[in-house]
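Reading the structure
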Amino acid sequence: MTRVRTAVIGVGHLGQHHARILAGLPDVELVGVADSNPDQARAVAAKLGTAAFPHHAPLLGRVDAVSVVTPTVHHHEVAAAFLKAGVPVLVEKPVCRTVAEADELIGLAAAAGVPFQVGHIERFNPAFEELSRRPIRPKFVEAERHGPFTGRSVDIGAVLDLMIHDLDLLLSLVRSPVRAVSAVGAAVFGGHEDMVNARLEFENGCVAHVTASRITRHPKRRLRVWAPEGYAGIDFVTRKLNLVQQSEEVRRHGLRVDQLDAAAKARLKDEVFGRYLQTLTLDGDRKGDQLTAELKHFVDCVRTGNRPRVTGEDGRDALALAERVLAAVRSHPWDGVADGPLGPGGLPQPAGYLFAPAQLARPDAA
Ligand code: NAD
């Protein structure tokens, strides 16, 4: 297949970028975009010089691959329609609402023998790609993903919206089943949880602390890994990877502080990073954006039939772990007793005000 005919289903906030990028890839034709909001479909189609559809059905039989970027509740219905017709699918994360739905999609893709990719985009972040190429066996991981409230993706909470990125990254890095999950989370605006912290214990001894919040003023997305091989810190926003490892001298002999003379001890603080611990920073910011890399990879898999980097099974496993985190959040007893309020909906009544409402803090003070 030389020219790949594609379409995007759901061209809202993110889908319009899928459509724009696909329209610009070499030997890819954007046959059309579909959106249940016809005005949105028409507006995006007009900008990209393609056809607009109010429903995905007319695109069946006209495309070689589709990208599904509808709200999560519709992923299963739309992806299943294309997979049943033998069309490769890239579906945004989370893969769908339930593990059972994900298993059904995996079965449909296998029966049709076509690539089925899930949009865990951070796997294509250049900083994570650099880390994945290195021999690292994580033993303690801290993941933080904080962002402001956007009013989008309110059909799901912070776990399925944000934390699922880090759950997928952890599963791909640690490569061990998760033995135990505990978590606490709160719904600040009602409905789903807006912030969550989870502790995961893996069977291979790794422990991970994962925090997600969609009500934080200043965005932060980072992953820090401690391992026998050293330390790795990723900033997903700046796409920088910081690596630290023991010097040859420390690997061979350790650092015997008691055997250092007074002058060497005095220099120690300045020499820790450099002489005893070596550091390297890799800047991935000039390597192109990860959505383009993800879509190029998908088109390559469509052409070659190769297995995508992030498979339906990966999407399903991240979703299954997210469901365990959600179950732990729901059963968390706020007052330490099982018959008291349970999170996130049962947050206890506030005991008072942290400051008098009249004394409103300046908006940038948080
Ligand atoms: P959005 O609400 O801005 O856009 C969704 C669009 O889909 C809307 O235009 C809506 O009219 C349309 N739509 C709804 N049901 C449809 C249907 N059955 N058929 C066709 N169109 C339909 O949402 P968004 O923020 O673009 O998110 C879309 C998906 O992308 C969600 O699954 C979300 O979790 C995912 N997402 C992923 C990332 C990431 O980092 N990978 C970031 C943001 C969103």
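Shown above is the structure to which this text applies.
I will try to describe carefully the structure that is included in this document.

Quick notes on the rules
Residues numbered from 1 in each chain as written. Predicted model: local features only at pLDDT ≥ 70, side-chain atom pairs only at ≥ 80, totals over all residues. Heavy atoms only, no water. Buried < 20%, exposed > 50% of the residue type's maximum accessible area, 1.4 Å probe, protein only. Helix = DSSP H or I, 4+ residues; strand = E, 2+ residues; numbered from the N terminus. Arc of directions from axis to C-beta. Pairing = 2+ DSSP bridges. Axes fitted to C-alpha atoms, helices over the stretch in contact; angles between N-to-C directions. Contact = heavy atoms within 4.5 Å. Parallel < 35°, antiparallel > 145°, perpendicular 65-115°, else oblique. Left-handed = near helix turned anticlockwise from the far one by under 90°. Nonpolar A, V, L, I, M, F, W, Y, C, P; charged D, E, K, R; others polar. Disulfide = S-S within 2.5 Å.

Another point: helix H8 (residues 262-271). When we look at burial in H8, the residues that qualify are Ala264, Leu268 and Glu271. The buried residues of H8 all sit within an arc of 90° when viewed along its axis, so they share a single face. Facing away from the buried side of H8, by more than 90 degrees, are the exposed residues Ala262, Ala266, Lys269 and Asp270.

With that out of the way, let us pick up the sheet that holds strand S10 (residues 207-213). The strand order across the open sheet formed by 8 strands is S8-S9-S10-S7-S11-S12-S13-S14, and the pairing between neighbours is mixed. In the strand order of this sheet, the two ends are held by strand S8 (178-186) and strand S14 (277-283), each with one partner. On average, each strand axis in the sheet is inclined to that of its neighbour by 10°, with strand direction left out of account. As paired strands, strand S11 (residues 220-227) and strand S12 (residues 230-235) are joined by 6 bridges and run antiparallel to one another. By the bridge assignment for S12, Leu223 is matched with Ile234. Against the sheet, helix H10 (residues 312-330) contacts S8 and strand S9 (195-202), and its axis sits at roughly 55° relative to S8.

The subject of this paragraph is the packing of helix H1 (residues 15-24) against helix H9 (residues 290-304). At a closest axis distance of 10 Å, the pairing of H1 and H9 adopts a crossing angle of 60°. Considered as vectors, H1 and H9 are oriented oblique to each other. Between H1 and H9 lies a crossing of right-handed hand. When H1 is examined against H9, the residues His17, His18, Ile21 and Leu22 are found in contact with a partner set consisting of Leu291, Thr292, Glu294, Leu295 and Val299. Residues that form the contact of H1 with H9 fall into these classes: 5 nonpolar, 3 polar and 1 charged.

Here the focus is the state of the cysteines. In total, this model carries 0 disulfides according to the counting rule given. Cys301 supplies the cysteine sulfur nearest to Cys96, a cysteine that is in no disulfide, at a spacing of 19 Å. Residue Cys96 is classed as buried on the basis of its relative accessible area of 0%. Residue class for Cys301 comes out buried when judged on its relative accessible area of 2%.

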